[in-house]
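In case you want the letters, here they are:
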Amino acid sequence: MTLGAIALFSFVFLFYWDVFTLLERTSASFRTSFLPDSVIFFWRMSCLLVSIYAIIYMFRMKTGTMVVLDHDTRSEIILHPLGIRKFVTFSSWTLICSVVYFLLATLSSFSLFFGSVLPTWINTAQVLFFTMALGAGFLTSTVVRYVILPAEVKQKRVHEHQFYFHNQMMHNFTTIFLAFEIVLVQPELRPHFAIFGLLIGTLYALFAFPFAYFGGGYYVYSFIDPRLKLAPLFVSGLAGAISVFYLGLWLLSLLVEYNGLIGGVAVVIWLSLIVQFQPEDIEYEVETNSIQG
């Protein structure tokens, strides 16, 4: 019922405020920059290639570690997912959204060289995936930095795998790439687009429930179990947090537009507060695997 209410509210908002028209109008701002078009093209293509390699790297890895909530026993178990099963985490969804955005953005930049016009749906989708990935990326980095990693240190778990290349991409560099898009391109973001944070959070919850019931048999995050008394609040909080982070970034984009130097410094400061590239130096008392990456 909670997911249905959030979805209904989101769709009413989308059509009442004609958000898709706003997406189309905003897309033009993603094609301009104070830097030469060639620089933006190579920047976006580089982000795209590195992100795609991270996905390939995840598929090819022969190891994996997740502490999940078993659906039947309601107890934590350690799994070692391989291949496609690595992509059931919300952070992997964020990476995928980022890849789609940079693919569309690279196509957009490439089209400028030839003076061609991309289909409207590509321009619209470019803005949509950017706004979803932006809020989700900053939320992911924040949760990893201030919730997941401190919990690992507190329990003295071996968590070096959280800093493998693909985890660095999901938890750190995806956020950095998207943040620098705000500085380099200075897109015209709108507060209305926060609704896409609600939608991606709702979609993930809708995926997680049937996956636990009929697929993997576990929840990647224990708080997303619908049988919990406070499950509606947890799900609403997940979706709402993505939107709140996006709104904060929308305000930051206004600062960048007002003064690029001050705005750029603010972006760097925010990033420095939520990313972490090395594990803490602790003496491990228990040799055990850590939670999912």
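Draft legend 1. Examining the environment of F165 more closely. Tracing the backbone through its elements, the reader meets F165 in helix α6 (residues 165-185). Here F165 falls in the partly exposed class, since its relative accessible area comes to 29%. For the pair F165 and A54, spaced 111 residues apart in sequence, the C-alpha separation works out to 7.2 Å. In this view, F165 contacts V50, Y53, A54 and Y57; residues no more than four positions away in its chain are not counted.

Draft legend 2. Structural view of the pairing of strand β2 (residues 76-79). Sheet analysis places strand β1 (residues 66-70) next to β2, joined by 4 bridges and oriented antiparallel. Of the residues in β2, the one forming a bridge with V68 is I77. Counted between consecutive antiparallel strands, the loop separating β1 from β2 contains 5 residues, among which R74 sits at a positive phi close to 60°.

Draft legend 3. Seen up close, the packing of helix α5 (residues 120-154) against α6. The geometry of α5 relative to α6 is characterised by a closest axis approach of 9 Å and an angle of 135° between their N-to-C directions. Here α5 lies oblique to α6, going by the angle between them. In the crossing of α5 with α6, the sense of the turn from one axis to the other is left-handed. Across the interface between the two elements, F130, A133, L134, G137, F138, T140, S141 and V144 from α5 touch M170, H171, N172, T175, L178, A179, E181 and I182 from α6. Counted by class, the contact of α5 with α6 contains 9 nonpolar, 6 polar and 1 charged residues.

Draft legend 4. Focus on the pairing of β1. With respect to burial, β1 is a largely interior element, 5 of its 5 residues being buried. Bridging between β1 and strand β3 (residues 218-219) involves 2 bridges; their strand directions are antiparallel. By the bridge assignment for β3, L69 is matched with Y219.

Draft legend 5. Structural view of the confidence of the model for the protein. Of all residues in the protein, 95% attain a pLDDT of 70 or more, and the chain-wide mean is 87. For the protein, β2 is the element with the lowest average pLDDT, namely 78, and helix α9 (residues 260-274) is the one with the highest, namely 95. Taken together, the stretch residues 284-293 has pLDDT below 50 and engages in 49 contacts with residues farther than four places along the chain or on a different chain.

What counts, and where the lines are drawn
Residues numbered from 1 in each chain as written. Predicted model: local features only at pLDDT ≥ 70, side-chain atom pairs only at ≥ 80, totals over all residues. Heavy atoms only, no water. Helix = DSSP H or I, 4+ residues; strand = E, 2+ residues; numbered from the N terminus. Buried < 20%, exposed > 50% of the residue type's maximum accessible area, 1.4 Å probe, protein only. Contact = heavy atoms within 4.5 Å. Pairing = 2+ DSSP bridges. Axes fitted to C-alpha atoms, helices over the stretch in contact; angles between N-to-C directions. Parallel < 35°, antiparallel > 145°, perpendicular 65-115°, else oblique. Left-handed = near helix turned anticlockwise from the far one by under 90°. Nonpolar A, V, L, I, M, F, W, Y, C, P; charged D, E, K, R; others polar. pLDDT = per-residue confidence, 0-100.

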